[in-house]
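# Structure at a glance
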Amino acid sequence: MSSQVSFQYRPTQTRGGADHGWLKTLHTFSFASYYDPRFESFGSLRVINEDRVAPGTGFPTHPHREAEIFSYVLGGTLAHKDSMGNVEGMTRGDVQMTSGGTGIRHSEYNGGKDEVHFLQIWALPNARNLTPKYYARHFSDAEKTDKWAHVVAPTSFPGVIDERDAKGPTPIHADLNFFATLLSPGKELNKEVTDRSDNKPGDKLVYVQVVQSTKYNTGPALKDGAHVEVSLGGQNQVLGEGDGVFIRGAKSKDEVVVKNTGTKVAEVVLFEMDK
């Protein structure tokens, strides 16, 4: 077990964000008009935005390049359209990955009757001038209930299928693994930290966050919401909805323990990156 593990707690009320009417958004890292030099990136992670888009609104066509961008849909229906000719309607459990590479343009729109709730995540690619690509995957609630679903993995990871639609983890051109679970009250899950992408000794970075319920909350985590305890290397932290913890000093094969200490199902996401 690692002897120099450190935890950095990130309570939800310290996240950036805004209520634009059509868009309610919370930012884990500096984004748009929100800037905090302590939270600009973490390993290859550059953006984690928890977005809620009102019906009949959305993000108009805009460009991206040199970024791996994926949406993890939590509720509602999100319509995607891009300059590569991909058109997709995404619902809960869907993952849509855009490898920006040398440049793409896309739009995201809520044409349904309900609010769309999703995580928008950006990572820095492990190579420049990549050919733009698009991937889509689906992970049901059953695949995540009281177990970890491996949602995103590097293209070099064993079992990853480099195709638009396929089973298994969504390919990403970055040193990043993304897992998700729906953890029942009283249940506990261990997550063995994956090997570094270069298979060499060295630290790994881990970030764990509890997804908010459908209620948009910019204050402290809801007292009646989900709560989990995260433990590793003698450190531990209780997280409420929207809270996160940055873990430094983890090693491959270390085990992150996540336990639901509350009375509601907790939707938990976990990121692993090379340092």
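Residues numbered from 1 in each chain as written. Predicted model: local features only at pLDDT ≥ 70, side-chain atom pairs only at ≥ 80, totals over all residues. Heavy atoms only, no water.

### Comments concerning the sheet that holds strand 2 (residues 16–19)
To keep it simple, the criterion reads: A strand pair is defined by DSSP finding two or more bridges across the two strands. Only DSSP runs of H or I reaching four residues or more are called helices, and only runs of E reaching two or more are called strands; each is numbered from the N terminus. Note on geometry: axes are C-alpha line fits, over the in-contact stretch for helices, and angles between N-to-C directions span 0 to 180 degrees.
What the 7 strands build is an open sheet, ordered 2-3-4-11-6-9-12; its pairing is antiparallel. Edge positions in the sheet fall to strand 2 and strand 12 (133–138), since each has one partner strand and no second. For this sheet the average axis-to-axis angle between neighbouring strands, irrespective of direction, equals 15°. Two strands pair when backbone bridges link them, and strand 6 (residues 68–75) and strand 9 (residues 94–99) are joined in this way by 5 bridges, in the antiparallel orientation. Looking at strand 9, one finds that Ser-71 is bridged to Gln-96.

### What about the UniProt feature "domain: Pirin N-terminal" (unreviewed entry) in the protein chain?
Rules: UniProt positions are given in the numbering used here, feature names are shortened, and annotations may be inferred rather than shown by experiment.
If you check UniProt for "domain: Pirin N-terminal" (unreviewed entry), the listed places come out as residues 14–122 in our numbering. Annotated as 0% helix and 58% strand, the span residues 14–122 places its first and last C-alpha atoms 20 Å apart.

### Here's the deal with the sheet that holds strand 1 (residues 6–10)
Strand order across the open sheet formed by 7 strands is 1-20-17-22-15-13-14, with mixed pairing between neighbours. Lying at the two open borders of the sheet, with one neighbouring strand each, are strand 1 and strand 14 (170–172). Taking each pair of neighbouring strands and ignoring which way they run, the sheet shows an average axis angle of 20°. Both strand 17 (residues 203–210) and strand 20 (residues 244–251) contribute to a ladder of 6 bridges, which runs antiparallel.

### Considerations on the environment of Ala-123
Quick reminder of the rule: For this analysis, residues touch if any pair of their heavy atoms sits within 4.5 Å.
Here Ala-123 lies in strand 11 (residues 116–123). When residues no more than four places from it in sequence are discounted, the contact partners of Ala-123 are Ser-44, Arg-46, Ala-67, Glu-68, Ile-172, Ala-174 and Leu-176.

### Quick notes on the pattern of salt bridges
The test is simple: By salt bridge we mean one thing: a side-chain nitrogen of Lys or Arg within 4 Å of a carboxyl oxygen of Asp or Glu. To sort residues, take the accessible area from a 1.4 Å probe on protein chains only and compare it with the maximum for the residue type: under 20% means buried, over 50% means exposed, and anything in between is partly exposed.
Applying the stated criterion to the full structure yields 16 salt bridges. Of the charged contacts, one joins Asp-36 and Arg-38 as a salt bridge, the two residues approaching to 2.7 Å between their closest N and O atoms. Residue Asp-36 is classed as buried on the basis of its relative accessible area of 11%. For Glu-267, the salt bridge identified is with Arg-92, shortest N-O distance 3.1 Å.

### What to know about the pairing of strand 11
On any regular strand, side chains alternate: one points to one face of the sheet, the next to the other face. Burial within strand 11 is extensive, with 8 of its 8 residues counted as buried. Residues of strand 11 alternate between two faces, with Val-116, Phe-118, Gln-120 and Trp-122 on one and His-117, Leu-119, Ile-121 and Ala-123 on the opposite face, all of them buried. Of the pairings in the sheet, the one linking strand 4 (residues 45–53) to strand 11 comprises 8 bridges and is antiparallel in character. Its bridge partner being in strand 11, Asp-51 is matched across the sheet by Phe-118. Pairing of strand 6 with strand 11 involves 7 bridges; the strand directions are antiparallel. In the sheet register, Gly-75 faces strand 11, and the bridge partner there is His-117.

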